[in-house]
Amino acid sequence: MAILHNSTKLDLVLCTWLRLLLQICWEVFVVPAKVVVGVQWGDEGKGKIIDILASRAQVVVRSQGGNNAGHTVESEGETYKLQLIPSGVLYPNTLCLLGSGVVIDPVHILKEIDGLESRGISCDNLRIDPRAHLIMPWHIALDGLSEKMRGNSKIGTTKKGIGPCYMDKAERSGLRIYDLVHPDVFMEKMKVTGEIKNRLLTDFYKEQPLDLDAIAKQYLECGKRLKKYVADVSVLAYNAIKEGKEVLFEGAQGTLLDIDVGTYPYVTSSHPISGGVCIGSGIGPTLINEVYGAAKAYTTRVGEGPFPTELFDEMGDKIRNLGNEFGTVTGRPRRCGWFDSVIMRHSVRVNGLTAIALNKVDTLSNLGTLKVCVAYKKADGTIIRDFPATIDELAECQPVYEEIEGFEGDLTNCKSYDDLPETCKRYIEKLEKICECPIKMVGVGPSRDQNLER
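Model, not experiment: these values are computed from the prediction.

When helices and strands are tallied, the chain shows 14 helices and 19 strands. Its C-alpha radius of gyration of 24 Å places the chain within 12% of the 22 Å reference for a compact globule of 454 residues. Dimensions of the chain, computed from C-alpha atoms along their principal axes, come out at roughly 70 × 65 × 50 Å. Relative to its 454 residues, the chain shows a buried fraction of 53%. Taken as two groups, the 54 positive and 60 negative side-chain charges of the chain have centres that lie 2 Å from each other.

Structure follows, in structure tokens:
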């Protein structure tokens, strides 16, 4: 019995060491797949972080959202405002993939392709999953009409048809890229769905019906041009990871705009969190082991809904103007407020963040004493540190601030973390401690070379 007992213990030890050895081999010999997500309400400067990491990647994948998102990337003195095309397009040898979770306006994506190619940027390495859903003209029409009907309860959508497209996807009545490049299939499905949508437009909204023949002609022409880009993104991404290629999954929007864990209903219609990457690109979660969260050194928001640290005074205006806080897609002024660590801890948890990339630290320079929200105070006086599950609870919360010594000077010329003022480093290190996640990148300007890696 003693021999058997010792043998069992030895087997357990060997299994433990074997698991450890396999883990080390994976980390050493397999290039990790990285995810970049926004960890506030979007517009956190993901474009720059994605561009930096895309320059080191061989494959860049977009997995959700549509042309309601925008990444502004500055490269070699040029500014590119990307809405659907992955940021890897700026690198000629990088494969750029749009997964099945993306919703695609074919007219828009061709304009974006044409715009890039007119500037000498080839889109030959772009691939689009055949399962990605199409934004149709009725989606755009219904988006605007439903938002108008909500009146003072409007969500604040970009009116680009994103929500209605995802609605049809969930209802299983949507059209997909596969249909678009198979004209007979497209015509059959488009006619059935289009007639239903026209009834909705005429009978409920009292609007004119859409010209389905004109839509068919326009979209089938788009299909002819897009056909060469169609490929199974799930297979391409999986094989790239297994072959040891560096794969980057880029997020759109932000964590608080996630339809499940965001500030519902003031959210987008997809999953901008790290888990959404797996669904929208067709790969398993075990293939990802680095998740970067892009954040600002303060907080901004576009659209409706509660925002505990929002500033309505001169300081809010100053941050907005210094940070050029106006939407990439819409040009709308963003609501601005102090850094909210309650939001950040929520994002660390739901995304499984391994690192934070903190952008626009330079915007806070020369503003005097800074404030950081460390908790919320509810109407009954209760102090909470976890982000509320509903906007009703969030709306009653007031920020609990800690004041931190500000920093002076022009940070935009700093070339390394050591070049930053000591007071700035203390601010960053304070945020790192409160958020319970390492800050590995610090942004002091919009350009790629204004990102300081720690």
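On we go.
On to the packing of aromatic side chains, then. All told, the structure shown has 5 aromatic pairs when counted by the stated rule. The interplanar angle of 15° and the centroid separation of 6.4 Å between the aromatic rings of phenylalanine 186 and tyrosine 219 together place this pair among those described as stacked. Residue phenylalanine 186 is found in helix H7 (residues 183-204), and its partner tyrosine 219 is found in helix H8 (residues 212-226); the two are separated by 33 residues along the sequence. The pair phenylalanine 186 / tyrosine 219 is uniform in exposure class, with both members buried. Taken together, a centroid distance of 5.9 Å and an interplanar angle of 55° make the contact between phenylalanine 407 and tyrosine 427 tilted. Separated by 20 residues along the polypeptide, phenylalanine 407 in the loop between strand E17 (398-404) and helix H14 (422-435) and tyrosine 427 in helix H14 bring together distant segments of the chain. Over the ring of tyrosine 417 we find arginine 454, and its NZ or CZ is 4.5 Å from the ring centre.

This brings us to the pairing of strand E14 (residues 355-359). Regular strands have side chains that alternate between both faces of the sheet. Buried residues dominate E14, accounting for 5 of its 5 residues. Burial of the side chains of E14 extends over both faces: Ala355, Ala357 and Asn359 are buried on one face and Ile356 and Leu358 on the other. Relative to E14, strand E10 (residues 288-296) runs parallel, the two being bridged by 5 bridges. Opposite tyrosine 292, over in E14, you have alanine 355 as the bridge partner. Taken together, the 3 bridges between E14 and strand E18 (residues 439-443) define a ladder with parallel strand orientation. Bridging across to E18, leucine 358 finds its partner in valine 442.

All right, on to the pattern of salt bridges then. Applying the stated criterion across every chain, the model contains 26 salt bridges. Between arginine 335 and glutamate 310 there is a salt bridge whose closest N-O contact spans 2.9 Å. Here arginine 335, found in strand E12 (residues 335-337), pairs with glutamate 310, found in the loop between strand E11 (299-301) and helix H11 (314-322); they are 25 residues apart in sequence, far enough to count as distant. Under the relative-accessibility criterion, glutamate 310 is labelled buried at 15%. In this structure, the salt-bridge partner of glutamate 436 is arginine 385, at a minimum N-O distance of 4.0 Å. Of this pair, glutamate 436 sits in the loop between H14 and E18 while arginine 385 sits in the loop between strand E16 (383-384) and helix H13 (391-395), placing them 51 residues apart in sequence. For glutamate 436, a relative accessible area of 55% gives the class exposed. Overall, arginine 385 belongs to the partly exposed group, its relative accessible area being 44%. Within the structure, one salt-bridge network assembled from shared partners comprises Asp43, Lys296, Glu325, Arg334 and Lys360.

Okay, empty space enclosed by the protein next. Applying the stated criterion across every chain, the model contains 1 cavity of 30 Å³ or more. Roughly 40 Å³ of internal volume is contained in the largest cavity. Surrounding the largest cavity, Arg62, Ala69, Gly70, His71, Leu82, Gln83, Leu84, Ile85, Glu250 and Ala252 form its lining. By residue class, the composition of the lining of the largest cavity is 5 nonpolar, 3 polar and 2 charged.

Here we come to the sheet that holds E18. Strand pairs in the sheet, formed through backbone hydrogen bonds, run parallel or antiparallel to each other. One open sheet accounts for 9 strands, arranged E7-E5-E2-E9-E1-E10-E14-E18-E19; its pairing is mixed. The two strands at the open ends of the sheet, each matched to only one other strand, are strand E7 (126-128) and strand E19 (451-453). For this sheet, the mean angle separating the axes of adjacent strands, direction not counted, is 20°.

Another point: the environment of serine 270. When you line up the elements, serine 270 lands in the loop between strand E9 (247-250) and helix H10 (274-281). Ignoring sequence-local partners within four residues, the contact set of serine 270 consists of Gln64, Gly65, Tyr166, Gln253, Leu257, Asp258 and Ile259. Engagement of the side chain of serine 270 in a polar contact is seen with the side chain of glutamine 64, the distance being 2.8 Å.

Turning to the packing of H7 against H8, a few remarks are in order. Orientation of H7 relative to H8, taken along the N-to-C sense of each, is 145°, at an axis distance of 10 Å. Every pair of crossing elements has a handedness; the one defined by H7 and H8 is right-handed. The segment H7 lies against H8, with Pro183, Phe186, Met187, Met190, Lys191, Gly194, Glu195 and Asn198 engaging Leu212, Ala216, Tyr219 and Leu220. Of the residues contributing to the contact of H7 with H8, the split by class is 8 nonpolar, 2 polar and 2 charged.

On to the side chain of serine 365, then. For serine 365, the location among the structural elements is in the loop between E14 and strand E15 (370-377). In contact with serine 365, other than residues within four places in its own chain, are Phe407, Glu408, Gly409 and Leu411.

Before going further, it helps to spend a moment on unusual backbone geometry. The residue after tyrosine 264, namely proline 265, is reached through a cis peptide bond having omega 10°. For proline 265, the location among the structural elements is in the loop between E9 and H10. The backbone of lysine 206 sits at a positive phi, close to 60°, despite the residue not being glycine. Inspection of the secondary structure assignment puts lysine 206 in the loop between H7 and H8. Owing to a relative accessible area of 65%, lysine 206 belongs among the exposed residues under this scheme.

The rules behind each value
Residues numbered from 1 in each chain as written. Predicted model: local features only at pLDDT ≥ 70, side-chain atom pairs only at ≥ 80, totals over all residues. Heavy atoms only, no water. Helix = DSSP H or I, 4+ residues; strand = E, 2+ residues; numbered from the N terminus. Rg over C-alpha atoms; globule rule 2.2 N^0.38 Å. Buried < 20%, exposed > 50% of the residue type's maximum accessible area, 1.4 Å probe, protein only. Lys, Arg positive; Asp, Glu negative; His and termini not counted. Charge placed at Lys NZ, Arg CZ, Asp CG, Glu CD. Phe/Tyr/Trp six-rings, centres within 6.5 Å; stacked < 30°, edge-to-face > 60°. Lys NZ or Arg CZ within 6 Å of the ring centre and 35° of its normal. Pairing = 2+ DSSP bridges. Salt bridge = Lys/Arg side-chain N within 4 Å of Asp/Glu carboxyl O. 1 Å grid on protein atoms, 1.4 Å probe; cavity = no way out; pocket = protein on both sides within 12 Å on 5 of 7 lines; lining within 4 Å. Points joined across faces, edges and corners; volume = space filled by probe spheres on them. Nonpolar A, V, L, I, M, F, W, Y, C, P; charged D, E, K, R; others polar. Axes fitted to C-alpha atoms, helices over the stretch in contact; angles between N-to-C directions. Contact = heavy atoms within 4.5 Å. Polar contact = N/O pair within 3.5 Å; in protein donor to acceptor, adjacent residues only side chain to side chain. Left-handed = near helix turned anticlockwise from the far one by under 90°.

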